[in-house]
Amino acid sequence: MANEKVLEFTNDNFQEKVLEADKPVLVDFWAAWCGPCKMIAPVIDELADAYDGKVVIGKLNVDDHGATAGKYGVMSIPTLLLFKNGEAIERVVGYKTKDELAKIIDANL
């Protein structure tokens, strides 16, 4: 991953890094073969910089960690879920701009 502020979530660390986080967490469910996932990657990097210290931002590869993706009903990618206090409170499917995603994050801070 290009930005060291963007975490890598897995089946093994999802509970600790996402569900037990003391800040909101934006999870990008993606795959390497997904064109729109590649398009949104720089947006995720920019959000990680913009919200550093306020929101945890990371990615979960659905090919490698399908159990977690399945648990949250991820059927299309990219899907972004915003978690707060261990609950998925927002769901965005498909490519969105930085401004569109920032509005969703800001509304839930």
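Owing to the predicted nature of the structure, the values given are computational and were not obtained by experimental measurement.

Asks: How should I be thinking about the overall build of the protein chain in this particular structure?
Replies: The helix and strand tally for the protein chain stands at four helices and five strands. Listing each helix as α and each strand as β along the protein chain from the N terminus yields β-α-β-α-β-α-β-β-α. Once the C-alpha set of the protein chain is aligned to its principal axes, its extents read approximately 30 × 30 × 25 Å. Among the 109 residues that make up the protein chain, the fraction classed as buried is 48%. If you take every contact in the protein chain between residues at least 6 apart in sequence, the share linking residues at least 24 apart comes to 70%. Of the roughly 5,700 Å² of accessible surface on the protein chain, 49% is carried by carbon and sulfur atoms.

Asks: What should I look at first to understand the nonpolar core in this one?
Replies: It is characteristic of soluble globular proteins that their nonpolar side chains tend to be buried jointly. Counting 21 residues, the largest nonpolar core has Phe14, Val27, Phe29 and Phe83 as its most contacted members. With four residues, strand β2 (residues 25-30) is the largest single contributor of residues to this core. Setting aside residues no more than four positions away along its own chain, phenylalanine 14 makes contact with Phe9, Leu19, Val27, Phe29, Leu60, Thr68, Tyr72 and Phe83. In this structure, Leu26, Ile57, Leu101 and Ala102 belong to the second largest nonpolar core, which totals 16 residues.

Asks: What exactly am I supposed to notice about the pattern of salt bridges here?
Replies: Opposite charge on two side chains permits them to pair, given that their charged atoms come into close proximity. This model, assessed by the stated rule, comprises three salt bridges. We note a salt bridge from lysine 5 to aspartate 52, for which the minimum N-O separation is 3.8 Å. Here lysine 5, found in the segment before β1 (6-9), pairs with aspartate 52, found in the loop between α2 (35-50) and β3 (56-61); they are 47 residues apart in sequence, far enough to count as distant. Owing to a relative accessible area of 31%, lysine 5 belongs among the partly exposed residues under this scheme. Each of the salt bridges in this network shares a partner with another, and the network as a whole consists of Lys5, Asp49 and Asp52.

Asks: Explanation requested: helix α4 (residues 98-107) in the structure shown.
Replies: Two residues of an α-helix separated by three or four positions point the same way, owing to the 3.6 residues in each turn. Those residues of α4 that fall on the buried side of the exposure criterion are Leu101, Ala102 and Ile105. Along the axis of α4, the buried positions cluster into a sector of 105 degrees, meaning they face one direction only. Within α4, the exposed residues directed more than 90 degrees away from the buried face are Asp99, Lys103 and Ala107.

Asks: It is not clear to me how empty space enclosed by the protein should be interpreted in this structure. Could you clarify?
Replies: Gaps between atoms show up when a probe of the same size as a water molecule is rolled over them. Inspection of the entire model under this criterion finds one cavity of 30 Å³ or more. Considered as a void within the structure, the largest cavity measures approximately 40 Å³ in volume. Considering the residues around the largest cavity, the lining is formed by Leu26, Leu80, Leu82, Glu90, Val92, Leu101, Ile104 and Ile105. Take the lining of the largest cavity: its biggest share by element is three residues, from α4. For the lining of the largest cavity, a count of residues per class yields seven nonpolar, no polar and one charged.

Here is what the cut-offs are and how they apply
- Residues numbered from 1 in each chain as written.
- Predicted model: local features only at pLDDT ≥ 70, side-chain atom pairs only at ≥ 80, totals over all residues.
- Heavy atoms only, no water.
- Helix = DSSP H or I, 4+ residues; strand = E, 2+ residues; numbered from the N terminus.
- Buried < 20%, exposed > 50% of the residue type's maximum accessible area, 1.4 Å probe, protein only.
- Contact = heavy atoms within 4.5 Å.
- Areas by Shrake-Rupley, 256 points an atom, 1.4 Å probe, with all protein chains shown as cover.
- Core = buried A, V, L, I, M, F, W, Y, C linked by side-chain atoms within 4.5 Å.
- Salt bridge = Lys/Arg side-chain N within 4 Å of Asp/Glu carboxyl O.
- Arc of directions from axis to C-beta.
- 1 Å grid on protein atoms, 1.4 Å probe; cavity = no way out; pocket = protein on both sides within 12 Å on 5 of 7 lines; lining within 4 Å.
- Points joined across faces, edges and corners; volume = space filled by probe spheres on them.
- Nonpolar A, V, L, I, M, F, W, Y, C, P; charged D, E, K, R; others polar.

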